[in-house]
Amino acid sequence: MTTGATGRSVVAEYAARGVVLLVVAVAASARTWGRVVSEIGVGAGSPVLLAGPVGAALTLTVLVWFNRPELPIHDRQTDKIVGTVMMAIALMIQWLVLPRFAGTYVLLHLDIAAVWAFLFGGCVFVFGLRRTGKFWSAWLVLFGASPVVIRLATAVLGGGPWALACVVVIVVLVGPVGALIGARRRGRGRGASPWPGPAVTRREAWRSVPLLVLVAVVLALAPLPATAEQRLALGPPSLIGPGQAVPVGWSERSREDFGWATRVYGPAATLHRQFIRADQPRADWDPLRRPRQAVVQTLTVAHPGTFDAFPVEMTFDLRAARISAPVVVDLPHGVRARYRSVINDGELETWSLLSFVWTRGGVDRYQRVSILTVDDHDFDAQFPATVPGARSTASRLVALLLRGQASVTADDDELKDLDLLTELGSGLVEAQWSTR
């Protein structure tokens with residue numbers, strides 16, 4: 001068994017390697033953590049990202065506290081293979097997978113997963129696979145506590161800060177319990193030491209640092225998606241009630257409120273849906289001169305970051321749909337909207353969407369306004385339903401991952417109803433300013 005002085009030198013060596021690895025990992029993800037800080041500032045719910053690291057840190061502490069001796073069984077060749085594979089996974093996530101999911105960047109935060117993959121690979125390089133796998137429960141918490149899982153669990157528990165706190169506590173408790181189970185299952189091997197020497201020699205460990213630095217630089221150079229906050233327009237300074245004022249030339253047929261909005265978007269959120277119809281038919285909107293209809297959907301929240309965490313596509317069932325690339329549309333008062341066509345292969349229907357985000361009621365309320373039209377111009381036409389979007393989003397993300405961008409992207413050169421939605425959107429914006 002090693003002496004106390006030898007044990008202290010081993011701990012010092014471990015600490016030096018760990019500090020270097022953490023510094024390199026933080027440098028590789030500096031812009032990511034900067035984005036997380038900014039998201040917390042605009043209320044995107046990004047504190048959920050802290051659940052994994054906090055839970056993993058507590059789990060690691062328990063495992064170290066109940067440290068058991070181990071036999072010196074190691075394979076450096078396996079270390080190099082596994083470490084290289086994890087580094088390749090980190091690079092692929094950051095450069096190949098992340099751009100595919102740019103629209104759900106805040107919801108998924110795949111760049112955080114790339115950081116964990118890099119950190120795991122780095123630990124394998126400088127500490128060895130067996131020594132790294134010794135703390136499997138901490139890694140399980142770190143990788144398992146993904147933002148989307150925590151957000152969905154929070155919604156199931158009713159939403160709000162208390163539900164989020166409960167989910168975070170559950171994640172943290174799962175890690176100390178897993179650590180205790182792992183600690184109890186470890187046996188004391190014959191001739192094993194409670195402070196075994198490093199599985200990877202000092203020379204091998206420090207020779208791996210240049211590779212880690214190179215991978216970190218490549219990760220740091222990867223671009224990150226834009227945020228919805230950059231498109232936030234200054235809207236009318238007051239709210240006139242639920243929904244939007246109907247523009248001139250249109251009449252409201254009915255409206256619908258969705259109580260589940262508080263669970264998904266926060267306790268102060270509201271979601272309203274207005275069915276409107278043109279007062280007069282127009283031949284350029286319909287050759288048969290049928291009055292066109294539209295849906296105006298208004299999501300009002302307390303923090304603009306909510307729009308990043310939950311994109312507009314998440315409020316519709318798009319499991320069998322393909323969406324065109326957005327077209328920027330300039331509306332009055334400096335409002336910039338985005339137009340998209342949606343082809344629903346499951347229902348054999350096509351519809352168009354114009355959406356924009358702006359402030360309302362000063363700076364304490366923010367709205368995302370979505371205007372929808374469908375190809376069916378009959379009076380009883382069915383519009384896409386408004387749903388929480390968990391199953392739809394999951395199915396769409398899987399299709400995007402396995403089948404690529406073509407499976408969820410529509411090439412629509414006709415830009416159906418672009419003129420109608422531009423005129424209707426302009427009238428709707430003007431109506432809010434004229435009724436304040």
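Whatever comes next refers back to the structure up there.
In short, a report on the structure. (Residues numbered from 1 in each chain as written. Predicted model: local features only at pLDDT ≥ 70, side-chain atom pairs only at ≥ 80, totals over all residues. Heavy atoms only, no water.)

### A word on the overall build of the chain
Put simply, the rule reads: For helices the rule is a DSSP run of H or I covering at least 4 residues; for strands it is a run of E covering at least 2, with both sets numbered from the N terminus onward. Contacts are assigned to residue pairs with any non-hydrogen atoms lying within 4.5 Å of each other. Throughout, the Shrake-Rupley method with a 1.4 Å probe supplies accessible areas, and for residues the shown protein chains are the sole cover considered.
Within the chain, the regular secondary structure consists of 16 helices and 9 strands. Contacts in the chain between residues at least 24 apart in sequence constitute 75% of all its contacts with a sequence separation of at least 6. Roughly 20800 Å² of accessible area belongs to the chain as shown, and the carbon and sulfur atoms make up 64% of that amount.

### Some details on the packing of aromatic side chains
Counted only if it meets this: When two rings of Phe, Tyr or Trp (its six-membered ring) have centres within 6.5 Å they constitute a pair, described as stacked for plane angles under 30 degrees, edge-to-face for angles over 60, and tilted for the intermediate range. Both a distance and an angle decide whether a charge sits over a ring: NZ of Lys or CZ of Arg must be within 6 Å of the ring centre and within 35 degrees of the ring normal.
Enumeration according to the criterion identifies 11 aromatic pairs in this entry. Plain terms: the ring middles of Phe258 and Trp260 are 5.8 Å apart, the flat faces sit at 50° to each other, and that makes the pair tilted. The rings of Phe258, Trp260, Tyr265 and Phe310 are connected pair by pair, giving a single aromatic cluster. The ring of Trp285 is capped by Arg282, whose NZ or CZ atom sits 3.9 Å from the centre of that ring.

### A few points about empty space enclosed by the protein
Let me state the cut-off plainly: Using only the protein atoms, space was sampled on a 1 Å grid; points where a 1.4 Å probe fits but cannot get out form cavities, open sets with protein on both sides within 12 Å along at least five of seven lines form pockets, and lining residues are those with an atom within 4 Å of a point. Grid points are joined across faces, edges and corners, and a volume is the space filled by probe spheres set on the points. In this classification, Asp, Glu, Lys and Arg are treated as charged, Ala, Val, Leu, Ile, Met, Phe, Trp, Tyr, Cys and Pro as nonpolar, and every other residue, Gly included, as polar.
Enumeration according to the criterion identifies 5 cavities of 30 Å³ or more in this entry. The space that makes up the largest cavity amounts to roughly 60 Å³. Every residue along the wall of the largest cavity is listed here: Ala25, Ala28, Ser29, Thr32, Gln94, Asp111, Ala114, Val115, Phe118 and Leu219. Partitioning the lining of the largest cavity into residue classes produces 6 nonpolar, 3 polar and 1 charged.

### Observations concerning the pattern of salt bridges
Quick reminder of the rule: Any carboxyl oxygen of Asp or Glu that lies within 4 Å of a side-chain nitrogen of Lys or Arg is treated as forming a salt bridge with it. Accessible area is worked out with a 1.4 Å probe on protein chains only. A residue is then buried under 20% of its type maximum, exposed over 50%, and partly exposed in between.
Under the definition given, this model contains 13 salt bridges. For the salt bridge of Glu423 with Arg282, the shortest nitrogen-to-oxygen distance reads 2.6 Å. In this pair, Glu423 sits in helix α16 (residues 418-434) while Arg282 sits in the loop between β2 (270-278) and β3 (293-301), placing the two residues 141 residues apart along the sequence. Residue class for Glu423 comes out partly exposed when judged on its relative accessible area of 39%. Residue classification places Arg282 among the partly exposed residues on the basis of a relative accessible area of 27%. In this structure, Arg340 and Glu313 form a salt bridge, with 2.5 Å as the shortest nitrogen-oxygen distance. Pair noted here: Arg340 is in strand β6 (residues 336-344) and Glu313 is in the loop between α14 (306-309) and β4 (321-324), with a separation of 27 residues, a long-range link. Among the charged side chains, a network of salt bridges with common partners joins Glu13, Arg17 and Arg202.

### Some words on the packing of helix α6 (residues 110-127) against helix α12 (residues 209-220)
As a reminder of what qualifies: For helices, the axis comes from a line fit to the C-alpha atoms of the stretch in contact; other axes are also lines fit to C-alpha atoms, and the angle between any two N-to-C directions lies between 0 and 180 degrees. When describing relative orientation, an angle under 35 degrees is termed roughly parallel and one over 145 degrees roughly antiparallel, while 65 to 115 degrees is termed roughly perpendicular and anything else oblique.
Closest axis-to-axis distance for the α6/α12 pair is 11 Å, and the angle between their directions is 170°. Here α6 lies roughly antiparallel to α12, going by the angle between them. Residues Phe118, Gly122, Phe125 and Val126 of α6 form the contact with α12, whose participating residues are Leu211, Leu212, Val215, Ala216 and Leu219.

### Looking at the pairing of strand β8 (residues 365-374)
Consecutive residues of a regular strand have side chains that alternate between opposite faces of the sheet. This is how the line gets drawn: Pairs of strands are assigned from DSSP output, requiring at least two bridges between the strands.
Within β8, 9 of the 10 residues are buried, which leaves it mostly tucked inside the rest of the structure. Sheet analysis places β3 next to β8, joined by 7 bridges and oriented antiparallel. By the bridge assignment for β8, Gln297 is matched with Ser370. Relative to β8, strand β7 (residues 349-360) is paired through 10 bridges, and the arrangement is antiparallel. Bridge pairing links Leu353 to Leu372 in β8.

### Here's the deal with the side chain of Gln274
Along the polypeptide, Gln274 turns up in strand β2. The contacts of Gln274, once residues within four sequence positions are left out, are Gly243, Gln244, Val246, Glu252, Ser254, Arg255, Ala294, Val295, Val296 and Thr298.

### With respect to the nonpolar core
So the rule is basically this: Take the buried Ala, Val, Leu, Ile, Met, Phe, Trp, Tyr and Cys residues and link them wherever side-chain atoms come within 4.5 Å; each set so joined is a nonpolar core.
Phe118, Val126 and Leu212 are the most contacted members of the largest nonpolar core, which totals 32 residues. For this core, the elements supplying multiple residues, two or more each, are α1 (4-28), α4 (76-100), α6, α8 (136-144) and α12. Broken down by element, this core gets its largest block of residues, 12 residues, from α6. Once residues lying within four places of it in the same chain are set aside, the contact partners of Leu212 are Leu21, Val24, Met87, Phe118, Gly122, Phe125 and Val126. Formed by 26 residues, the second largest nonpolar core is a distinct cluster that contains Ala261, Tyr265, Ala269 and Ala309.

### Some points on α12
Count 3.6 residues to each turn of an α-helix, and residues three or four apart come out pointing the same way. The test is simple: The span expected for a helix works out to 1.5 Å for each residue beyond the first. In this context, the arc is that of the directions from the helix axis out to the C-beta atoms.
The end-to-end C-alpha distance of α12 is 16 Å, a good match for the 16 Å that 12 residues give at a rise of 1.5 Å each. Where α12 is concerned, the buried positions are Val209, Leu212, Val215, Ala216 and Leu219. Viewed along the axis of α12, the buried residues span an arc of 125°, placing them on a single side of the element. Of the exposed residues in α12, those oriented more than 90 degrees away from the buried face are Pro210 and Leu214.

### Details of unusual backbone geometry
Backbone geometry at Arg289 places phi at a positive 55°, although glycine is not the residue there. Assignment of secondary structure puts Arg289 in the loop between β2 and β3. Positive phi, normally seen in glycine, also occurs at Asp417, with a value near 60°. Note that Asp417 resides in the loop between β9 (409-410) and α16. The buried category is assigned to Asp417, whose relative accessible area is 16%.

### Structural notes on the pairing of β3
Counting buried positions along β3 yields 9 of 9 residues, so the element is predominantly enclosed. By the alternation rule, side chains of β3 split into Gln293, Val295, Gln297, Leu299 and Val301 and Ala294, Val296, Thr298 and Thr300, which are all buried. The pairing of β2 with β3 spans 8 bridges and is antiparallel. Looking at the pairing, His272 lines up with Thr298 of β3.

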